[in-house]
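So you can see what is in the structure, the chains are spelled out below.
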Amino acid sequence: AQTVTQSQPEMSVQEAETVTLSCTYDTSESDYYLFWYKQPPSRQMILVIRQEAYKQQNATENRFSVNFQKAAKSFSLKISDSQLGDAAMYFCAYRRKRRGSNYKLTFGKGTLLTVNP
Amino acid sequence: GAGVSQTPSNKVTEKGKYVELRCDPISGHTALYWYRQSLGQGPEFLIYFQGTGAADDSGLPNDRFFAVRPEGSVSTLKIQRTERGDSAVYLCASSLENGSFYNEQFFGPGTRLTVL
């Protein structure tokens, strides 16, 4: 079974600065997908960024980027130029790729990010 | 277009009662997932529908939990004889079927269930 671990229950950052959230995972599969989701107090899960395991290039979406280290099974999220609206719970998630499988997401426990003005 | 909607937003019930939680997926999405998010935890998978059938219900914690999707659209999660440990946020998500990287799961706002 796949597991996802987020070792930082809480993180804080000053507005306009950079913060990195950590995530490690365990899987026996060689090809899969990884995601970071944001959950504000409204509870709505919002996809922030995604990565395909077979792609070596790290994904980037505007101020959000990842550092994907496949051998180390590490998938960290970097938020640059942090904004007050970035404050939320962040979840790292894993999904199988194999066709015909259940495409359920396996989530970590989350990291609560606080942005200080 | 409209996103995934869930009703009710909040539900308070007494121990031992029966509850139904509803999910309206995005039109045209054939895959539908239910997750449960306990306080301080990430969402955990409960059940996956492909069309009308439950393709994987391995995440349901026990036989008090049941879900249906009779017409391949709206889904209802049913919990019998509720227990205090069932208190959580129940999230629903839908996606296009084929599991492509770009077929993301879109989440609803969840139903917060409180069992007194």
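These lines cover the structure that appears in this document, whether it is placed above or below.

Thresholds applied
Per chain, residue numbering runs from 1 following the sequence as it is written. Each chain is given a letter, starting from A, and each ligand a number, starting from 1, according to the order in which they appear as written. A pLDDT threshold of at least 70 governs which residues receive local features in this predicted model, and a stricter bar of 80 or more applies before side-chain atom pairs are shown or counted, although totals over entire chains, interfaces and linings include all residues. Working from all heavy atoms in the structure, the side-chain values ignore hydrogens and water. Throughout, nonpolar core names a set of buried Ala, Val, Leu, Ile, Met, Phe, Trp, Tyr and Cys residues whose side chains join them through atoms within 4.5 Å. To sort residues, take the accessible area from a 1.4 Å probe on protein chains only and compare it with the maximum for the residue type: under 20% means buried, over 50% means exposed, and anything in between is partly exposed. Only DSSP runs of H or I covering at least 4 residues are called helices, and only runs of E covering at least 2 are called strands; the numbering of each starts at the N terminus. By salt bridge we mean one thing: a side-chain nitrogen of Lys or Arg within 4 Å of a carboxyl oxygen of Asp or Glu. By this definition, two strands are paired if DSSP reports at least two bridges between them. In this description, contact between two residues means that some pair of their heavy atoms is separated by no more than 4.5 Å. What gets called buried area is simply the loss in accessible area from a 1.4 Å probe that two parts show on being joined, summed for both. A 3.5 Å cut-off defines polar contacts: any pair of N or O atoms within that distance qualifies, except that in protein one atom must be a possible hydrogen donor and the other a possible acceptor, and neighbouring residues in sequence count only when both atoms are side-chain atoms. Polarity classes work like this: nonpolar for Ala, Val, Leu, Ile, Met, Phe, Trp, Tyr, Cys and Pro, charged for Asp, Glu, Lys and Arg, and polar for all others, with Gly in that last group. Axes, fitted as lines to C-alpha atoms, cover a helix only where it is in contact. Angles between the N-to-C directions of the axes lie from 0 to 180 degrees. Disulfides are defined as pairs of cysteine sulfur atoms found within 2.5 Å of each other.

**Here's the deal with the nonpolar core**
All names here are of chain A.
Phase 1: Ranked by internal contacts, the top residues of the largest apolar core, which has 25 residues, are Y25, W36, F75, L77 and Y90.
Phase 2: Elements that contribute at least two residues to this core include exactly β3 (19-21), β5 (32-39), β6 (46-52), β8 (64-69), β9 (74-79), β10 (88-96) and β12 (111-116).
Phase 3: In terms of residue count, β10 provides more of this core than any other element does, four residues in total.

**Here we look at the environment of I47 of chain B**
Phase 1: The residue I47 of chain B is located in strand β5 (residues 44-50) in this model.
Phase 2: Between the alpha carbons of I47 of chain B and V19 of chain B there is a distance of 17 Å; along the sequence they are 28 residues apart.

**Section: the pattern of salt bridges**
A side chain with one charge may pair with a side chain of the opposite charge, provided their charged atoms come close.
Phase 1: Overall, the coordinates contain eight salt bridges over all chains when judged by the stated rule.
Phase 2: Note that D86 of chain A and R63 of chain A form a salt bridge whose closest N and O atoms lie 2.8 Å from each other. Within this pair, whereas D86 of chain A is found in the loop between β9 and β10, its partner R63 of chain A is found in the loop between β7 (60-61) and β8, the two being separated by 23 residues in sequence. Each member of the pair, D86 of chain A as well as R63 of chain A, carries the same accessibility label: buried.
Phase 3: For the salt bridge of R64 of chain B with E83 of chain B, the shortest nitrogen-to-oxygen distance reads 3.6 Å. Taken together, the residues span a long stretch of sequence, with R64 of chain B in the loop between β6 (53-56) and β7 (65-68) and E83 of chain B in the loop between β8 (75-79) and β9 (88-95) at a distance of 19 residues.
Phase 4: On the accessibility criterion, R64 of chain B (5% relative accessible area) is buried.
Phase 5: Here the salt bridges do not stand alone but share partners, grouping R64, E83 and D86 of chain B into one network.

**Topic: the pairing of β7 of chain B**
All names here are of chain B.
Phase 1: Every second residue of β7 is oriented toward a common face, the buried set being F65 and A67 and the non-buried set F66 and V68.
Phase 2: Relative to β8, β7 runs antiparallel, the two sharing four bridges. Paired with A67 across the strands is L77, a residue of β8.
Phase 3: Remark: six residues form the turn of the hairpin made by β7 and β8, two consecutive strands paired antiparallel; G72 in that turn has positive phi of roughly 75 degrees.

**Remarks on the interface of chain A and chain B**
Phase 1: Counting residues at the interface gives 22 residues for chain A and 29 residues for chain B.
Phase 2: Between chain A and chain B, the buried area comes to about 2,200 Å², and carbon and sulfur atoms account for 48% of it.
Phase 3: Per-residue buried area on chain A facing chain B is highest for R43, R50 and Y103 of chain A; these three make up 30% of the total on that side.
Phase 4: In this assembly, chain A and chain B are joined by zero salt bridges.
Phase 5: One can count seven residue pairs in polar contact (both at pLDDT 80 or more) joining chain A with chain B.
Phase 6: Those elements that place two or more of their residues in the side of chain A that touches chain B are β5, β6, β10 and β11 (105-107) of chain A.
Phase 7: Among the residues forming the side of chain A that touches chain B, the class breakdown is eight nonpolar, six polar and eight charged.

**What to know about the sheet that holds strand β1 (residues 5-7) of chain B**
Residues and elements named next belong to chain B.
Phase 1: The sheet built from four strands is open, its strands ordered β1-β3-β8-β7 with antiparallel pairing. Pairing within the sheet leaves two strands with one partner each, and these edge strands are β1 and β7. With direction set aside, neighbouring strand axes in the sheet form an average angle of 15 degrees.
Phase 2: Where strand β3 (residues 19-24) meets β8, five bridges bridge the pair, whose relative direction is antiparallel. Each residue of the ladder has a partner; that of C23, found in β8, is S75.

**Overview of the state of the cysteines**
Here is the idea: a disulfide is a covalent bond, and it sits between the sulfur atoms of two cysteines.
Phase 1: One pass over the full model with this rule turns up two disulfides over all chains.
Phase 2: There is a disulfide in this structure between C23 of chain A and C92 of chain A, and the S-S distance comes to 2.0 Å. Given an S-S torsion of about -70 degrees, the disulfide between C23 of chain A and C92 of chain A has left-handed geometry. Here the residue C23 of chain A occupies a position in the loop between β3 and β4 (24-26), and C92 of chain A occupies one in strand β10, the gap between them amounting to 69 residues.
Phase 3: C23 of chain A sits in the buried class, given a relative accessible area of 2%.
Phase 4: Looking at C92 of chain A, the relative accessible area reads 1%, which means it is buried.
Phase 5: Two residues share a disulfide in this structure: C23 of chain B and C92 of chain B, whose sulfurs sit 1.9 Å from each other.

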